[in-house]
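# Reading the structure
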Amino acid sequence: MKHHRKKPMDKKTLLDNILVTSLILGVTTAGSFAFFKLTGSSGNIQTFYILAVVFIARFTTGYVPGIVASFLSVIFVNFIFTYPYFALSFSATGYPVTFVAMMIIASLTSMTTTHLKEKNRILNKQEKLLMEAEKEKMRANLLRAISHDLRTPLTGIIGASSTYLENSSSLSPEEKNRLVKTIYDDSNWLLHMVENLLSVTRIRQTDAHVSKSLEPLEEVVSEAVSRFKKRFPDARVRVTIPQDFIMVPMDPTLIEQVIINLLENGVYHSGSTEPLELTVSTEDGQAQFQVRDHGHGIREDLLPHIFDGYADTPTSSGDSRKGMGIGLSICKTIILAHDGNIWAENLPDGAMFTFTLPLGDEPYES
């Protein structure tokens, strides 16, 4: 059986342990001496030193400082606060029992505190590992979505341009226009995917959070709908927002991207010509955004995984090249980075996507 040798303590940690132990014992001794002079009683001195041992175990590394502090505490109580004063004496009636009891209590307290601190450190490390695993899963899902959502438009562009170049003389004007429109549509789709990827790169990789500032909710929604209408001039959107002037902490560019992605998802996948509905409300300290369509809804087997980065479903309009993968996965990434939530649900006559953002302490301005 292979045994792992414990890594020796580095000089800095050792010096820090010595400094912290000396400082806490010094302050405790000075305070105890002042208490002893003022009250003439040494009854609570042992408690002071046990508290000192707890603090030493809390702010040092390893078990040794607490055990050493326990031993020194017993010596100090004996030397300074036990008659005869300023002399070590272990022969006083009953003192050996007191000595052993205090040593045991202080040592157990030290070891318990150190053990709890170590357990907390391990739990924090496990939590970080779980977060890293979740981030890695999200990266894998994004890569899977990218490989699908970017490869298919590129294939379409290459196929259409190749057909145009090889058969230009035999193609009718209508066929040429159809091929050029295919290239144009797929190029716009690729541009949108690049915008999505650039949005994700704005999220700091260290803690997966974003820099937020208070932004007017109405302006962010208006800008998102305006950008969406430029890309889809024939699409209709009914917008409902609160009459109050509301400020929401967010990265406005990223939240606009989420709104655009959800509206675009409705255009491509609802299979309906009815107007999309974008409704914004405030409730329980959160701003709630809802995007709903009046289409055929989402397949039930896709609902649990629709934000995982690889959901793909054909639409009734026949445009099956554009999956829901990367757009919705990026929506989830952005909203979670804002400490919000996002989910999807089916309605009797369509689907609805909802995301929330915390309003913060001062969401309203008069």
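The sections below set out a description of the structure shown in this document.

## Some words on the nonpolar core
Grouped together as the largest cluster of nonpolar side chains are 50 residues, with contacts concentrated most on Ile255, Ile259, Phe289 and Phe355. Counting residues per element, this core draws most heavily on helix 8 (residues 252-269), which supplies eight residues. Those residues in contact with Phe355, other than ones at most four positions away along the chain, are Ile255, Val258, Ile259, Leu262, Ala287, Gln288, Phe289, Ile335, Asn341 and Ile342. With twelve residues, the next largest nonpolar core counts Ile45, Ala69, Ile80 and Phe81 among its residues.

## Concerning the pairing of strand 5 (residues 286-292)
Sheet topology note: the strand 4 (residues 276-283)/strand 5 ladder contains seven bridges and is antiparallel. If you follow Thr279 over to strand 5, its bridge partner there is Gln290. Hairpin connection from strand 4 to strand 5: two residues lie between these consecutive antiparallel strands, with Asp284 at a positive phi of about 55°.

## Description of empty space enclosed by the protein
Remark: the empty space left among the atoms is shown by a probe the size of a water molecule rolled over them. The full count for this structure, using the stated rule, is two cavities of 30 Å³ or more. Volume-wise, the second largest cavity comes out at about 40 Å³. Every residue lining the second largest cavity is listed: Pro216, Leu217, Glu218, Ile241, Pro242, Asp244, Phe245 and Ile246. Class assignment of the residues belonging to the lining of the second largest cavity gives a composition of six nonpolar, no polar and two charged.

## What about helix 2 (residues 45-59)?
Over its 15 residues, helix 2 runs 21 Å from end to end, which matches the ideal 21 Å to within 8%, given 1.5 Å per residue. Of the residues making up helix 2, those classed as buried are Ile45, Tyr49, Ala52, Val53, Ile56 and Ala57. Looking down the long axis of helix 2, one finds its buried residues gathered within 135° of arc, a one-sided arrangement.

Quick notes on the rules
- Along each chain, numbering runs from 1 in the same order as the chain's sequence is written.
- The predicted origin of the model limits local features to residues at a pLDDT of at least 70 and limits the giving and counting of side-chain atom pairs to 80 or more, whereas totals for whole chains, interfaces and linings rest on all residues.
- Heavy atoms from the whole structure form the basis of all side-chain values; hydrogens and water molecules are not counted.
- For our purposes a nonpolar core is just a set of buried Ala, Val, Leu, Ile, Met, Phe, Trp, Tyr and Cys residues, chained together by side-chain atoms within 4.5 Å.
- Each residue is assigned to one of three classes by its accessible area relative to the maximum for its type, calculated with a 1.4 Å probe on protein chains only: buried under 20%, partly exposed between the two thresholds, exposed over 50%.
- Under the DSSP-based scheme used, a helix requires at least four consecutive residues in state H or I and a strand at least two consecutive residues in state E, with every element numbered from the N terminus.
- Contact criterion: two residues are considered in contact whenever any of their non-hydrogen atoms come within 4.5 Å of each other.
- At least two DSSP bridges between two strands are required for those strands to pair.
- Think of a 1 Å grid over just the protein atoms. A cavity is a set of points where a 1.4 Å probe fits yet cannot get out, a pocket is an open set with protein on both sides within 12 Å along at least five of seven lines, and lining residues have an atom within 4 Å of a point.
- Grid points are joined across faces, edges and corners, and a volume is the space filled by probe spheres set on the points.
- Ten residues, namely Ala, Val, Leu, Ile, Met, Phe, Trp, Tyr, Cys and Pro, are considered nonpolar, four, namely Asp, Glu, Lys and Arg, are considered charged, and the remaining ones, Gly among them, are considered polar.
- For a helix, the expected span equals 1.5 Å multiplied by the residue count minus one.
- To obtain the arc, one takes the directions from the helix axis to the C-beta atoms.

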